[in-house]
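# Close look at the chain arrangement
Spelled out from the first residue to the last, the chains are:
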Amino acid sequence: MRTLWLMLAGLIAAPLPAAEPDAGQAAYAAGDFVGAIERWQAQVVAEGATAGRLAALGNAEWKLGRKGRAMVCWERALLLDPRNAVATAGIRHAQSAGGVERPALTWAEDYAGFLGANAWLVIATAAFWVALLGLLIPRLRQREPSEWQAKMVVAAATIFLLSLPGLWGGHLHARRAVVRQTEVSLRLTPTARGEAIVGIAEGDVVRTDRPFNGYVRVTTADGKSGWLQAREIESPWGGGLPANLDTPKAP
Amino acid sequence: MTRCLRLLACFLALTCARAEDYVSWEMTPPVAGPGQPFKLQVRIESDVILGPADRVGRELKPPKGMALRFSGQLFRANTTEATLNFSGVAPEEEGAHVIPSFNIRFPAKLIKVPAMTVNVSAATGFRREGQARAELAMPVRTYYVGERIPGAILLKGSEQEMVNGSFGLECEAEGFTFQQVGARNEELPNGQGIQTGFELTPLRTGTSEVTINGIMLVNTGGLGGFTASGRDRPFTFRRMVTVEHVPETGRPAEWTGAIGRFLAESVSVSNPKPEVGEPIRLRAILAGEGNLDRILPPEIGSSETWDVIPSNDRRFRRAEDQRSFTYTLVPRLPGKQMTPAIRFAVFDPETRTFQRLEFAPQPVTVTGNAPSKVDLVSADPGAAAGTPAAKALIGLATPDPRARGLLDPGAQVVAPLARSHPFWTTNLTLLTLSATLFAAAAGSAYLLAHPEIRRRARARREVRAARRAAGTAVDDAGFAVACVRGLRAGCAPWIEATPEALTQGDIRRVLPAADAAALDRIFRRADGAKFGAPSDASLQAEKPALLALLAELEARL
């Protein structure tokens, strides 16, 4: 019996075996970034986009100098997992070494980043239903709510109220986009002949506003507002792999 | 014997092959005007040493209307080449005029010159009469500060006045630099004069007058510009020009002063397989027409893959209209890398638009090992010695594709739950059901707490039915029964009693203003039989008043 307990204790105490690097990681480590991208993209197509895969794709895209695609991958990974270390490091790296500009987060976006937009919505919905049912059920039963029911309603209502800034921050965070074209001019008007206000580099993140005439009104990281063509930017929400916006080369 | 015959055949074949002579000719100008002098040059390459030609013009028979004479020959001793020059005057008649084939006798052999065609056209603009004149060729448009404006003075002569040369070309214009380019007296392509090229470069904005002066040498006697019959003739051109800055509208960030029309000629690396830390040179060649010498080299920033030492190369080859930019790149990481793209913007003064050029990234295979820690080093030639390097690179984290978030199921599309229609539909449906259930329960509880509401509603329905029955009753008995039923049903809720238990007195308590006699008659008619006092009195007189009483009772409910 003692031996059995010792074996069990050994099994629990034994470190978990390190996961074998997949083919994409091996290619990435060997400097074959194109190969790594191909493998990870195949994984995304087959099994779906996860924060880890998108962040890894962002690293490989960055290594190939494709800033726009890399930033889309990282931003998308942070939407799925706001604490993803690879995507966070990638964006910091892009801002410090790559010259990428990204609007500073508002307090609500910072708050929302604690859990992520989807998590906040799930929490808010659950809290809402708990509070509502906690109020309704005693009335339907025509009885006074018990003490624990009252406490549950108060707790659920508090959680619901606390989740409102998170929902608002998630809403603000969703209205961002990454500039995908190499050289883009911020236009004063949403027309082809609109006067260029300032140039925006590939990979820069902008806040988006209303669309009009094939253009989207945006605000840059330094607060300049203008219009960009809708095809020049890509929103982190609403996609898996980065959209293929590269201009095909002439034969 | 057979072998001897084969050798002989080979020898004869080689002899025949070597025996071919190559004769070419060139006419200046290629197309002559009617009566225009022209030059004809015949070049001969042979397999033997030719020596001087003899009696060249003897067999020369120009076509009708064309004057042609042998004007000299050029040959070198012990060479197999010879050049013969002819001078002529084109016929007056337009068209193609063929000079028949003729023979030229050299000491070594006789060489046949093939037939040559002289094309004559009046469209060349050749003037037989009139004075020599000067023309200014310069684009007429708005100029831009820093651009290279190519121009030329075209000196055109005639048969009477030929232009032999020019000198003293100068420009009087404030805010411009002026420079002659090319040969001073370059012959015009149509052979009708000479031209002198120049370049103007505006230095500041505004409207000013550009004056270009010069002197051309005119030969009126056909014996050369410095003979007694030659004379110099001055010319002056004045032109008002407007100079502006290159527009800021639409000016790309990478524009570094290029004005003109250029193309990315080529880009190359000095070593496609360097080691980590081994500098290589990236050379890009820009070609085209414009201010090549005034362009600042495009900037390339350092990255985690490359350290870039900015270009300070100002090599400019005017003759080839080329400009090269050379950068020194130091690879920092091993593997298959791409050199940075060199992006460039050009302003086209003709179309007034900016165009972008890009020297494509070049593939480079970097060997060796990466340093343990990668620090970004910015090489700034202008920085003082000992200046600290740029801020350190944070670096990318090691990718972990297995990592997942809290709500990260691995969907094909990363979409927010807030945009999910099923999510909102489900919640709204549940909310509607809850509200309905709650409303129903609350209503039921309220009715239970207030039973008079239901009693009044029921009484109202019964009064309405009784009033309708009374109105349609065919005899007084039916009218009386319906009225009494309605009065009892309508008064019952007010005294909280069963309708059937109410008496005439109860009705009068509820309706004190009602006509007591009429109530008495109708109750006796309806219930009199039960109590042994039936009444046959007519109720026609009270009918309207009783119906009105029922209507009032219904309204009170």
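Small disclaimer: the values here were computed from a predicted structure and weren't measured.

On the side of chain B, 46 residues touch chain A, which itself brings 60 residues to the contact. Between chain A and chain B, the buried area comes to about 4,400 Å², and carbon and sulfur atoms account for 63% of it. There are zero salt bridges connecting chain A and chain B. At the surface where chain A touches chain B, the tally comes to seven residue pairs in polar contact (both at pLDDT 80 or more). At the level of secondary structure, the elements contributing two or more residues to the side of chain A that touches chain B comprise helix H2 (23–29), helix H3 (33–47), helix H4 (51–63), helix H5 (67–80), helix H6 (85–96), helix H8 (117–140) and strand S2 (183–187) of chain A. Broken down by element, the side of chain A that touches chain B gets its largest block of residues, 11 residues, from H8 of chain A. When its residues are assigned to classes, the side of chain A that touches chain B shows 30 nonpolar, 19 polar and 11 charged.

This paragraph deals with unusual backbone geometry. Residues and elements named next belong to chain B. The amide bond that connects Thr28 to the next residue, Pro29, takes the cis arrangement and shows omega of -5°. A positive phi angle is found at Arg352, which is not glycine, with a value near 60°. Mapping Arg352 onto the fold places it in the loop between strand S24 (342–348) and strand S25 (353–359). The phi dihedral of Glu496 falls on the positive side, at around 50°, and the residue is not glycine. Within the element layout of this structure, Glu496 appears in the loop between helix H4 (476–495) and helix H5 (504–510).

Right, let's talk about the sheet that holds strand S14 (residues 176–187) of chain B for a bit. Residue and element names in this part refer to chain B. Taken together, the four strands give an open sheet; going across it, the order is S10-S12-S15-S14, and neighbouring strands pair in antiparallel fashion. Each of the sheet's edge strands pairs with one partner strand only, and the pair in question is strand S10 (133–137) and S14. The mean angle between the axes of side-by-side strands here comes to 20°, regardless of whether they run parallel or antiparallel.

All names here are of chain A. The terminal C-alpha atoms of helix H9 (residues 147–174) lie 40 Å apart, and with 28 residues this matches the ideal 40 Å at 1.5 Å per residue to within 8%. Where H9 bends most, at Ser163, the angle is about 25°, and the proline Pro165 comes one to four residues later. The set of residues buried in H9 consists of Gln149, Val153, Ala156, Ser163, Gly166, Gly169, Gly170, Leu172, His173 and Ala174. Buried positions along H9 lie against H5, helix H7 (107–112), H8, strand S1 (176–179) and strand S4 (205–212).

Moving on, we get to the sheet that holds strand S6 (residues 95–99) of chain B. All names here are of chain B. Taken together, three strands build an open sheet; the order of strands is S2-S9-S6 and the sheet is mixed. Bordering the open sheet on either side are strand S2 (31–32) and S6, each of which pairs with just one other strand. Judged from the five bridges that link them, S6 and strand S9 (residues 116–120) form a sheet pairing that is antiparallel. The residue of S9 that forms the bridge with Ala96 is Asn119.

Rules behind the numbers
- Residues numbered from 1 in each chain as written.
- Chains lettered and ligands numbered in written order.
- Predicted model: local features only at pLDDT ≥ 70, side-chain atom pairs only at ≥ 80, totals over all residues.
- Heavy atoms only, no water.
- Contact = heavy atoms within 4.5 Å.
- Buried area = accessible area lost by both parts, 1.4 Å probe.
- Salt bridge = Lys/Arg side-chain N within 4 Å of Asp/Glu carboxyl O.
- Polar contact = N/O pair within 3.5 Å; in protein donor to acceptor, adjacent residues only side chain to side chain.
- Helix = DSSP H or I, 4+ residues; strand = E, 2+ residues; numbered from the N terminus.
- Nonpolar A, V, L, I, M, F, W, Y, C, P; charged D, E, K, R; others polar.
- Pairing = 2+ DSSP bridges.
- Axes fitted to C-alpha atoms, helices over the stretch in contact; angles between N-to-C directions.
- Expected span 1.5 Å × (residues − 1).
- Bend = angle between axes of the 7 residues up to and from the residue.
- Buried < 20%, exposed > 50% of the residue type's maximum accessible area, 1.4 Å probe, protein only.

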